[in-house]
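# Observations on the model geometry
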Amino acid sequence: MDAARYYGNRDLRIEDIQAPTPGPGEVLIDVGACGICGSDLSEYLHGPRYDDSLPYTMGHEFGGRVAAVGDEVDIEPGSEVGVNPLVACEACRWCDEGAYNRCENLEVIGAQRPGAYAEQVVAPAGNVLPLPDSLSPADAAVAEPFTVAYHGLLRSPLQPGDSAVIIGMGPIGLALVQLAAAAGARPIIASGHREARRELARESGADAVVDPSATDLGARVRELTDGGADVSFEVAGSESALNDAITATSAGGNTTVLGVFKGDVEIDPMHVVNHERTITGSAAYETGPLAGREFGQIYEMLARDELDGDALVTSRLDLEEITSGFEALGDSESGEVKILIEP
Ligand SMILES: [Zn+2]
Ligand SMILES: [Zn+2]
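Since the structure is predicted, the reported quantities are computational estimates derived from the model, not experimental observations. (Residues numbered from 1 in each chain as written. Chains lettered and ligands numbered in written order. Predicted model: local features only at pLDDT ≥ 70, side-chain atom pairs only at ≥ 80, totals over all residues. Heavy atoms only, no water.)

A few words now on the packing of aromatic side chains. Throughout the structure, instances matching the rule amount to 5 aromatic pairs. Aromatic side chains tyrosine 6 and tyrosine 56 sit 5.7 Å apart centroid to centroid with 80 degrees between the ring planes, which places their arrangement in the edge-to-face category. Residue tyrosine 6 is found in strand S1 (residues 2-8), and its partner tyrosine 56 is found in strand S4 (residues 56-57); the two are separated by 50 residues along the sequence. In this structure, tyrosine 6 and tyrosine 56 share a single accessibility class: buried. Where tyrosine 285 meets phenylalanine 295, the ring centres are 4.9 Å apart and the plane angle is 80 degrees; that geometry is what we call edge-to-face. Of this pair, tyrosine 285 sits in the loop between strand S16 (278-281) and helix H9 (293-303) while phenylalanine 295 sits in helix H9, placing them 10 residues apart in sequence. Judged on exposure class, the residue tyrosine 285 and its partner phenylalanine 295 are both buried. Here a set of aromatic residues connected by ring pairs shows up, and it is made of Tyr44, Tyr117 and Phe326. If you follow arginine 13 out to its NZ or CZ, it ends over the ring of tyrosine 7, 3.7 Å from the centre. In this structure, arginine 93 packs its charged tip against the face of tryptophan 94, placed 4.2 Å from the ring centre. (Phe/Tyr/Trp six-rings, centres within 6.5 Å; stacked < 30°, edge-to-face > 60°. Helix = DSSP H or I, 4+ residues; strand = E, 2+ residues; numbered from the N terminus. Buried < 20%, exposed > 50% of the residue type's maximum accessible area, 1.4 Å probe, protein only. Lys NZ or Arg CZ within 6 Å of the ring centre and 35° of its normal.)

Following this line, the structure appears as structure tokens:
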């Protein structure tokens, strides 16, 4: 089968490799669609993080059709499915407590395990999720960043009627705008550097959009709210975004951080102490025996058209075109948001 193998910085090669076979408890999936994630892009542009595992196959946002199943698997071959790509050990302290996404031995399909920039991929049966009839494998791929955003929303104390600031208009930030709107947040203020994405944020339910390089975000938020937002979300992974997110909240406000940071950043802790603000971390989403819970809720919301997955998808490419997809996403002028690879 063909797979896009990552050999290191800006080096993806389509190779014909041995197709995987499903072992006991595993499912072999013909990949229908796999989204290019910001974390994959970061590995492509700035990696490799680990030299000793090269080459490997990335791709963790995917859905497809069941091709075959191993022993002890009760899933119908031929059915269309989504996949939760986080594989928890189910043996460590956090897994014992049911917080599977905090697993000390967490493995990701598309990182430690072969991923879905390939014609076929293997997943543990517990990670393979049924799709509502009206959803396609492409919807399953888009559901992954929505589920990241959804977990962040559930980690935050947001209540209907609360004001929310969302900083960083990548796919997860844009998904959060839709989810916050569906959850009844008002007003929603979205901050992002790219004009096309601010426009998309407005179409997705943001009441106001801000270019943080042109406008004082904090001042704008105070103008639109009663002295600051109830909650904020940092989805950019930058020092300025984190500081903006904290100071945009009112006294007692909460900042939930989903952004992926590359190193140390500086904040003034007095911004947290003086006004009794809180900061909450949010990492991916539930998995293990709970693999289908948050994902399933996102599938249902997509199926009921309460969320618009297609709004994020800007291109669909063949596996052979994957390098051009990564390059386009790395180019801030390209206007791309979410690119789906369809092997
Ligand atoms: Zn992702
Ligand atoms: Zn564990």
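Turning next to the coordination of the zinc ion (ligand 1). For the zinc ion (ligand 1), every protein donor is listed as Cys37 (SG), His60 (NE2) and Glu61 (OE), and the spread of their distances is 2.2 to 2.5 Å. In terms of primary sequence, the donors binding the zinc ion (ligand 1) are separated according to C-x22-H-E. On the criterion of sequence distance, the pair formed by cysteine 37 in the loop between strand S3 (26-35) and helix H1 (38-46) and histidine 60 in the loop between S4 and strand S5 (61-69) is long-range, its members being 23 residues apart. (Donors = N, O, S within 2.8 Å, 3.2 Å for Na, K, Ca; no water.)

Bridge count between strand S17 (residues 313-317) and strand S18 (residues 338-341): 4 bridges; the pairing is parallel. Paired with leucine 317 across the strands is isoleucine 341, a residue of S18. Handedness of the crossover joining S17 and S18 through helix H10 (residues 322-330): right-handed. (Pairing = 2+ DSSP bridges. Right-handed = clockwise from strand over helix to strand, strands pointing away.)

With that out of the way, let us pick up the coordination of the zinc ion (ligand 2). Protein coordination at the zinc ion (ligand 2): the donors are Cys89 (SG), Cys92 (SG), Cys95 (SG) and Cys103 (SG), at 2.3 to 2.4 Å from the metal. For the zinc ion (ligand 2), the 4 donor atoms in the first shell make angles of 100 to 121 degrees at the metal, so the coordination geometry reads as tetrahedral. All donors of the zinc ion (ligand 2) belong to a single chain; written as a sequence motif, their spacing is C-x2-C-x2-C-x7-C. A relative accessible area of 5% means that cysteine 95 is categorised as buried. (Tetrahedral: all angles 85-135°; square planar, octahedral: opposite > 155°, others 65-115°.)

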